[in-house]
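# Commentary on secondary and tertiary structure
So you can see what is in the structure, the chains are spelled out below.
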Amino acid sequence: MSLEYAILVSLQERAGSGYELARRFDKSIGYFWSASHQQIYRSLKRMVELDWVSCDEVAQDKRPDKKVYRVSESGAAELARWLAEPVDPPPVRNELSVKIRGASFGDTERVADEVARHRQGHDERLAVYRAIEERDFPAPQGLSGQQLHQYLVLRGGIRTEESMLAWCDEILAALRADRD
(Lines give C-alpha, C1' and ligand atoms only; values in the text may rest on other atoms or scores of the structure.)
Protein backbone atom coordinates (compact mmCIF):
# COMPACT_ATOMS: atom_id res chain seq x y z
CA MET A 1 0.00 0.00 0.00
CA SER A 2 1.27 3.41 -0.74
CA LEU A 3 1.13 6.21 1.77
CA GLU A 4 -1.23 8.14 -0.48
CA TYR A 5 -4.15 5.82 0.32
CA ALA A 6 -3.61 6.15 4.07
CA ILE A 7 -3.61 9.93 3.57
CA LEU A 8 -6.80 9.77 1.51
CA VAL A 9 -8.53 7.81 4.27
CA SER A 10 -7.39 10.29 6.89
CA LEU A 11 -8.45 13.30 4.82
CA GLN A 12 -11.83 11.70 4.10
CA GLU A 13 -12.30 11.46 7.85
CA ARG A 14 -11.34 15.13 8.30
CA ALA A 15 -9.70 17.76 6.12
CA GLY A 16 -6.57 19.32 7.55
CA SER A 17 -3.18 20.88 7.10
CA GLY A 18 -0.05 18.85 6.54
CA TYR A 19 0.90 19.46 10.16
CA GLU A 20 -2.51 18.30 11.43
CA LEU A 21 -2.32 15.26 9.19
CA ALA A 22 1.16 14.38 10.49
CA ARG A 23 -0.11 14.68 14.08
CA ARG A 24 -3.06 12.40 13.26
CA PHE A 25 -0.61 9.86 11.87
CA ASP A 26 1.39 10.07 15.09
CA LYS A 27 -1.73 9.39 17.17
CA SER A 28 -3.77 6.92 15.13
CA ILE A 29 -2.95 5.75 11.62
CA GLY A 30 0.72 5.65 12.54
CA TYR A 31 0.07 2.64 14.77
CA PHE A 32 -0.44 0.54 11.64
CA TRP A 33 1.02 2.68 8.84
CA SER A 34 3.97 4.84 9.84
CA ALA A 35 5.27 7.79 7.87
CA SER A 36 7.62 10.64 8.60
CA HIS A 37 6.37 14.20 8.36
CA GLN A 38 8.58 14.69 5.28
CA GLN A 39 7.00 11.66 3.57
CA ILE A 40 3.52 13.02 4.30
CA TYR A 41 4.35 16.44 2.83
CA ARG A 42 5.96 14.89 -0.28
CA SER A 43 2.90 12.69 -0.77
CA LEU A 44 0.52 15.63 -0.35
CA LYS A 45 2.43 17.53 -3.06
CA ARG A 46 2.18 14.51 -5.38
CA MET A 47 -1.51 14.07 -4.57
CA VAL A 48 -2.24 17.70 -5.45
CA GLU A 49 -0.47 17.13 -8.79
CA LEU A 50 -2.60 14.00 -9.35
CA ASP A 51 -5.73 16.03 -8.44
CA TRP A 52 -6.56 13.58 -5.64
CA VAL A 53 -6.62 16.40 -3.09
CA SER A 54 -7.27 20.10 -3.27
CA CYS A 55 -5.47 22.68 -1.19
CA ASP A 56 -6.95 25.89 0.19
CA GLU A 57 -4.77 28.60 1.71
CA VAL A 58 -6.11 29.92 5.01
CA ALA A 59 -4.73 33.21 6.33
CA GLN A 60 -3.51 33.17 9.93
CA ASP A 61 -2.59 36.05 12.24
CA LYS A 62 1.15 36.37 12.88
CA ARG A 63 1.84 33.06 11.14
CA PRO A 64 2.34 31.92 7.57
CA ASP A 65 -0.80 30.96 5.67
CA LYS A 66 -1.98 27.44 6.39
CA LYS A 67 -2.66 24.98 3.58
CA VAL A 68 -5.76 22.89 4.26
CA TYR A 69 -6.08 19.71 2.22
CA ARG A 70 -9.29 17.89 1.36
CA VAL A 71 -10.07 14.95 -0.89
CA SER A 72 -11.22 15.94 -4.39
CA GLU A 73 -13.82 14.06 -6.44
CA SER A 74 -11.08 12.25 -8.37
CA GLY A 75 -9.35 11.41 -5.06
CA ALA A 76 -12.58 9.98 -3.65
CA ALA A 77 -13.01 7.91 -6.84
CA GLU A 78 -9.41 6.66 -6.59
CA LEU A 79 -9.90 5.75 -2.95
CA ALA A 80 -13.11 3.86 -3.76
CA ARG A 81 -11.29 2.00 -6.56
CA TRP A 82 -8.44 1.08 -4.23
CA LEU A 83 -10.78 -0.01 -1.42
CA ALA A 84 -12.46 -2.48 -3.82
CA GLU A 85 -9.11 -3.95 -4.93
CA PRO A 86 -8.05 -7.31 -3.44
CA VAL A 87 -5.22 -7.16 -0.88
CA ASP A 88 -2.46 -9.76 -0.83
CA PRO A 89 -1.31 -10.92 2.60
CA PRO A 90 1.82 -9.05 3.60
CA PRO A 91 5.09 -10.93 3.28
CA VAL A 92 6.27 -12.30 6.60
CA ARG A 93 9.55 -10.76 7.67
CA ASN A 94 10.23 -11.04 11.35
CA GLU A 95 13.84 -10.53 12.39
CA LEU A 96 13.10 -11.69 15.94
CA SER A 97 11.91 -15.05 14.58
CA VAL A 98 15.21 -15.50 12.74
CA LYS A 99 17.12 -14.71 15.94
CA ILE A 100 15.08 -17.24 17.90
CA ARG A 101 15.61 -19.87 15.24
CA GLY A 102 19.35 -19.27 15.32
CA ALA A 103 19.65 -18.91 19.11
CA SER A 104 21.53 -22.20 19.48
CA PHE A 105 24.31 -20.81 17.28
CA GLY A 106 25.02 -17.89 19.60
CA ASP A 107 24.28 -16.60 23.07
CA THR A 108 20.81 -17.88 23.98
CA GLU A 109 20.69 -15.55 27.00
CA ARG A 110 21.14 -12.51 24.75
CA VAL A 111 18.36 -13.76 22.49
CA ALA A 112 16.12 -14.22 25.56
CA ASP A 113 16.95 -10.65 26.59
CA GLU A 114 15.91 -9.45 23.15
CA VAL A 115 12.63 -11.39 23.39
CA ALA A 116 12.03 -9.79 26.80
CA ARG A 117 12.70 -6.36 25.30
CA HIS A 118 10.19 -7.03 22.53
CA ARG A 119 7.69 -8.28 25.10
CA GLN A 120 8.01 -5.00 26.99
CA GLY A 121 7.35 -3.03 23.81
CA HIS A 122 4.25 -5.08 23.01
CA ASP A 123 3.01 -4.67 26.58
CA GLU A 124 3.44 -0.87 26.35
CA ARG A 125 1.67 -0.68 22.99
CA LEU A 126 -1.18 -2.85 24.30
CA ALA A 127 -1.62 -0.44 27.23
CA VAL A 128 -1.84 2.48 24.78
CA TYR A 129 -4.41 0.66 22.63
CA ARG A 130 -6.52 -0.27 25.66
CA ALA A 131 -6.43 3.33 26.89
CA ILE A 132 -7.61 4.50 23.45
CA GLU A 133 -10.35 1.87 23.50
CA GLU A 134 -11.54 2.97 26.94
CA ARG A 135 -11.38 6.69 26.05
CA ASP A 136 -12.84 6.61 22.53
CA PHE A 137 -15.06 3.53 22.47
CA PRO A 138 -16.63 2.98 25.92
CA ALA A 139 -19.79 1.45 24.38
CA PRO A 140 -18.63 -0.38 21.24
CA GLN A 141 -21.81 -2.42 20.78
CA GLY A 142 -23.65 0.67 19.43
CA LEU A 143 -21.02 1.71 16.88
CA SER A 144 -21.63 1.96 13.15
CA GLY A 145 -20.04 3.48 10.07
CA GLN A 146 -16.74 5.28 10.44
CA GLN A 147 -16.56 4.83 14.23
CA LEU A 148 -17.15 1.08 13.89
CA HIS A 149 -14.41 0.82 11.27
CA GLN A 150 -11.95 2.74 13.45
CA TYR A 151 -12.85 0.51 16.41
CA LEU A 152 -12.34 -2.66 14.38
CA VAL A 153 -8.82 -1.55 13.39
CA LEU A 154 -8.08 -0.79 17.04
CA ARG A 155 -9.35 -4.24 18.04
CA GLY A 156 -7.03 -5.76 15.46
CA GLY A 157 -4.13 -3.93 17.10
CA ILE A 158 -5.22 -5.12 20.55
CA ARG A 159 -5.49 -8.73 19.40
CA THR A 160 -2.11 -8.54 17.65
CA GLU A 161 -0.40 -7.21 20.78
CA GLU A 162 -2.12 -9.79 23.00
CA SER A 163 -0.93 -12.52 20.64
CA MET A 164 2.62 -11.18 20.56
CA LEU A 165 2.71 -11.02 24.37
CA ALA A 166 1.54 -14.64 24.63
CA TRP A 167 4.14 -15.69 22.06
CA CYS A 168 6.95 -13.86 23.86
CA ASP A 169 5.88 -15.48 27.15
CA GLU A 170 5.89 -18.90 25.46
CA ILE A 171 9.38 -18.30 24.05
CA LEU A 172 10.79 -17.09 27.36
CA ALA A 173 9.30 -20.07 29.25
CA ALA A 174 10.70 -22.51 26.69
CA LEU A 175 14.16 -20.89 26.74
CA ARG A 176 14.18 -21.02 30.56
CA ALA A 177 13.14 -24.68 30.53
CA ASP A 178 15.85 -25.47 27.98
CA ARG A 179 18.50 -23.95 30.26
CA ASP A 180 17.43 -26.03 33.27
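Residues numbered from 1 in each chain as written. Predicted model: local features only at pLDDT ≥ 70, side-chain atom pairs only at ≥ 80, totals over all residues. Heavy atoms only, no water.

### With respect to the side chain of Ser-43
Take Ser-43: it is sitting in helix α3 (residues 37-49). Take Ser-43: its relative accessible area is 1%, and that puts it in the buried class. A distance of 3.2 Å separates a polar atom in the side chain of Ser-43 from a polar atom in the side chain of Arg-46. Those residues in contact with Ser-43 that lie beyond four places of it in its chain are Leu-3, Glu-4 and Ile-7. (Helix = DSSP H or I, 4+ residues; strand = E, 2+ residues; numbered from the N terminus. Buried < 20%, exposed > 50% of the residue type's maximum accessible area, 1.4 Å probe, protein only. Polar contact = N/O pair within 3.5 Å; in protein donor to acceptor, adjacent residues only side chain to side chain. Contact = heavy atoms within 4.5 Å.)

### Describing the environment of Ile-100
Assignment of secondary structure puts Ile-100 in helix α5 (residues 95-101). Since its relative accessible area comes to 22%, Ile-100 is described here as partly exposed. Between the C-alpha atoms of Ile-100 and Val-153, which are 53 residues apart in sequence, the distance is 29 Å.

### Brief notes about the packing of aromatic side chains
Tallied over the entire structure, the rule returns 4 aromatic pairs. Aromatic side chains Tyr-5 and Trp-82 sit 4.7 Å apart centroid to centroid with 10 degrees between the ring planes, which places their arrangement in the stacked category. Of the two residues, Tyr-5 is situated in helix α1 (residues 3-13) and Trp-82 in helix α4 (residues 73-84); the sequence distance between them amounts to 77 residues. Taken individually, Tyr-5 and Trp-82 each receive the classification buried, so the pair is uniform in this respect. When the ring of Tyr-31 is compared with that of Tyr-129, the centres are 5.2 Å apart and the planes differ by 90 degrees; the resulting orientation is edge-to-face. Of this pair, Tyr-31 sits in the loop between α2 (18-27) and α3 while Tyr-129 sits in helix α6 (residues 108-136), and the two are 98 residues apart along the sequence. Residue classification places Tyr-129 among the buried positions, given a relative accessible area of 5%. (Phe/Tyr/Trp six-rings, centres within 6.5 Å; stacked < 30°, edge-to-face > 60°.)

### So, the sheet that holds strand β3 (residues 66-71)
Where strands meet in a sheet, backbone hydrogen bonds hold them as pairs that are either parallel or antiparallel. Read across the sheet, 3 strands follow the order β1-β3-β2 without closing on themselves; strand pairing throughout is antiparallel. One side of each edge strand has no neighbouring strand; the edge strands of this open sheet are β1 (16-17) and β2 (53-58). Taken together, the 2 bridges between β1 and β3 define a ladder with antiparallel strand orientation. When the bridges of β3 are listed, Ser-17 appears paired with Val-68. (Pairing = 2+ DSSP bridges.)

### Looking at the pairing of β3
Alignment of β2 against β3, held across 6 bridges, turns out to be antiparallel. Counted as the bridge partner of Val-58 is Lys-66 from β3.

### As for the packing of α6 against helix α7 (residues 145-179)
Close contact between α6 and α7 brings their axes to 9 Å; oriented N to C, the two are set at 155 degrees. By the criterion of interaxial angle, the relationship of α6 to α7 is roughly antiparallel. Where α6 crosses over α7, the handedness of that crossing is left-handed. Classifying every residue of the contact of α6 with α7 gives 15 nonpolar, 4 polar and 11 charged. (Axes fitted to C-alpha atoms, helices over the stretch in contact; angles between N-to-C directions. Parallel < 35°, antiparallel > 145°, perpendicular 65-115°, else oblique. Left-handed = near helix turned anticlockwise from the far one by under 90°. Nonpolar A, V, L, I, M, F, W, Y, C, P; charged D, E, K, R; others polar.)

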